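Examination of the molecular architecture
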Amino acid sequence: MTRKQIVITGGLGFIGSNFANYLDKKIKKYEIIILDKSKKNQKYLKLNNNKCKIIISNTVHIEKKLKNYKNIEAVFHFGEFSRIVQSFVYEKECFLSNTLGTYKILKFCKDRNIKIIYSASSSKFGNNGKNENLSPYSWTKSKNIELIKNFNQWYGLKYEIVYFYNVYGPGQTQSGKLAAVIGIFEGQFLKNKPLTVVSPGNMRRDFTHIDDIVRGTFLAWKKKLNREYFLGTGNINSIIYIAKLFKHKIKLIPSRVGERFSSNKINNDTYKILGFKSKIKIENYIKDFVKKNKK
């Protein structure tokens, strides 16, 4: 029997690998195809129930790399440049991945009548929607939402869009250009260095655990609605509040270009449609982390 196939772009990254592991437990007799530009995080992938193929490539080459796969049912697109402030420094990489790469993904799905599940960013809604133009990252992610909806209108592209809210959890990057705030705090805590909080520290965010994110993404895939889902907790906290939960030294650092100061709560019916509600509180996660790693 020919296996159905699922493609996960960025499947060796923090979110992609966690989703692949979750998907492997939820479905059987599929071939899961991982498309990622780097294999350095391959150790986090733990698939046991389905056949797995790993292809190391940029998403702009998806047509060439996957031309021989004829039974693809869905593409989960996590493989984009995903940091706001760093998108000013790595502008070319951001546009290559988020604009050209995502166009290639959409065309691939359109030409083969494949459904796309797109990981969108909550940065689009900050400051009552004005923050979508705050950085190259925010702008490209926002425009990709428009493009997906237009592909649906123009060509009948099937899609579901899931908005992520500051994802954190075990296995997240703790240093480097792609490290997010919770991962950075963890890395600094483990090295007994002060937690660096960007001034003035009152920037507010909704933080969502990776386990909630992958569960919500899976639930969205099962729908056939061509719509958007918001996978946040609904709880918005300041960065300084989060830092203080570590009960550790804190150091304020200068503000940065592109820094987002607000995170708007979104009124939506995601819970009613998906039955999704976040289960993990960041306070409990940080408390457990500190207890486990306190010296």
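A brief look at the structure comes next.

Rules of the game
- Residues numbered from 1 in each chain as written.
- Predicted model: local features only at pLDDT ≥ 70, side-chain atom pairs only at ≥ 80, totals over all residues.
- Heavy atoms only, no water.
- Helix = DSSP H or I, 4+ residues; strand = E, 2+ residues; numbered from the N terminus.
- Polar contact = N/O pair within 3.5 Å; in protein donor to acceptor, adjacent residues only side chain to side chain.
- Contact = heavy atoms within 4.5 Å.
- Phe/Tyr/Trp six-rings, centres within 6.5 Å; stacked < 30°, edge-to-face > 60°.
- Buried < 20%, exposed > 50% of the residue type's maximum accessible area, 1.4 Å probe, protein only.
- Patch = residues over 30% accessible without salt bridge, like charges linked within 9 Å, V, L, I, M, F, W, Y side chains within 5 Å.
- Areas by Shrake-Rupley, 256 points an atom, 1.4 Å probe, with all protein chains shown as cover.
- Salt bridge = Lys/Arg side-chain N within 4 Å of Asp/Glu carboxyl O.
- Lys, Arg positive; Asp, Glu negative; His and termini not counted.
- Charge placed at Lys NZ, Arg CZ, Asp CG, Glu CD.
- Axes fitted to C-alpha atoms, helices over the stretch in contact; angles between N-to-C directions.
- Parallel < 35°, antiparallel > 145°, perpendicular 65-115°, else oblique.
- Left-handed = near helix turned anticlockwise from the far one by under 90°.
- Nonpolar A, V, L, I, M, F, W, Y, C, P; charged D, E, K, R; others polar.
- Pairing = 2+ DSSP bridges.
- Expected span 1.5 Å × (residues − 1).

Tracing the backbone through its elements, the reader meets Glu 80 in the loop between strand S4 (72-77) and helix H3 (86-89). In terms of polar contacts, Glu 80 uses its side chain to reach the side chain of Asn 144, at 2.9 Å. Apart from residues no more than four positions distant in its own chain, Glu 80 is found in contact with Ser 97, Asn 98, Thr 102, Tyr 118, Ser 119, Lys 141 and Asn 144.

Moving on: the environment of Gly 183. Along the chain, Gly 183 turns up in helix H6 (residues 181-190). Each C-alpha atom of the pair Gly 183 and Tyr 168 lies 7.1 Å from the other, and the pair is 15 residues apart in sequence. Beyond its immediate stretch of four places on either side in the chain, Gly 183 contacts Gln 172, Thr 173 and Gln 174.

A few words now on the packing of aromatic side chains. Inspection of the entire model under this criterion finds 17 aromatic pairs. Ring centres 6.4 Å apart and planes at 45 degrees place the aromatic pair Phe 81 and Tyr 90 in the tilted group. Judged by relative accessible area, Tyr 90 falls into the partly exposed class, the value being 32%. Judged by centre distance (6.0 Å) and plane angle (45 degrees), the rings of Phe 151 and Trp 154 are tilted.

On the surface, Arg 3, Lys 29, Lys 51 and Lys 53 cluster together to form a positively charged patch. Inspection of the secondary structure puts Lys 53 in strand S3 (residues 51-56).

Right, let's get into the packing of H6 against helix H10 (residues 282-293). Running from N to C, H6 and H10 point in directions that differ by 20 degrees, and their axes come no closer than 11 Å. Of the possible angle classes, the one that applies to H6 and H10 is roughly parallel. Where H6 crosses over H10, the handedness of that crossing is right-handed. For the pair H6 and H10, contact is made by Ile 182, Glu 186, Phe 189 and Leu 190 and by Ile 282, Tyr 285, Phe 289, Val 290 and Asn 293, respectively. Tallied by class, the residues present in the contact of H6 with H10 amount to 7 nonpolar, 1 polar and 1 charged.

Let us now look at the pairing of strand S1 (residues 4-9). Counting buried positions along S1 gives 5 out of 6 residues, so the element sits mostly inside the fold. In this sheet, strand S2 (residues 30-36) lies alongside S1 in parallel orientation, the contact comprising 6 bridges. Within S2, the position partnered with Val 7 by the bridge is Ile 33. Where S1 and S4 come together, 5 bridges link them in parallel fashion. Note that in S4 the partner of Ile 6 across the bridge is Ala 74.

Another aspect to go through is the sheet that holds strand S11 (residues 228-230). The sheet built from 7 strands is open, its strands ordered S3-S2-S1-S4-S5-S6-S11 with parallel pairing. Both outer strands of the open sheet, S3 and S11, are each paired with one neighbouring strand and no more. Going from strand to strand, the sheet's axes swing by 15 degrees on average, the running direction of each strand aside. Each of S1, S2, S4 and strand S6 (159-164) is contacted by helix H1 (residues 14-26), which is oriented at about 160 degrees to S1, the strand it contacts most.

With that settled, consider H10. With 12 residues, H10 extends 16 Å between its outermost C-alpha atoms, agreeing within 8% with the 16 Å of an ideal straight helix rising 1.5 Å per residue. Structurally, H10 contributes buried residues whose contacts are with strand S7 (167-168), H6, strand S10 (208-209), strand S12 (237-238) and helix H8 (239-244).

The next point concerns the packing of helix H4 (residues 91-112) against helix H5 (residues 136-155). For the pair H4 and H5, the least separation of the axes is 10 Å and the interaxial angle reads 15 degrees. Between H4 and H5, the angle falls in the class roughly parallel. Two packed elements cross with a definite hand, and for H4 against H5 that hand is right-handed. When H4 is examined against H5, the residues Cys 94, Phe 95, Asn 98, Thr 99, Thr 102, Tyr 103, Leu 106, Lys 107 and Lys 110 are found in contact with a partner set consisting of Pro 136, Tyr 137, Trp 139, Thr 140, Lys 141, Asn 144, Leu 147, Ile 148, Phe 151 and Tyr 155. Taken together, the residues of the contact of H4 with H5 break down into 11 nonpolar, 5 polar and 3 charged.

By themselves, these observations are geometric and do not establish any function.
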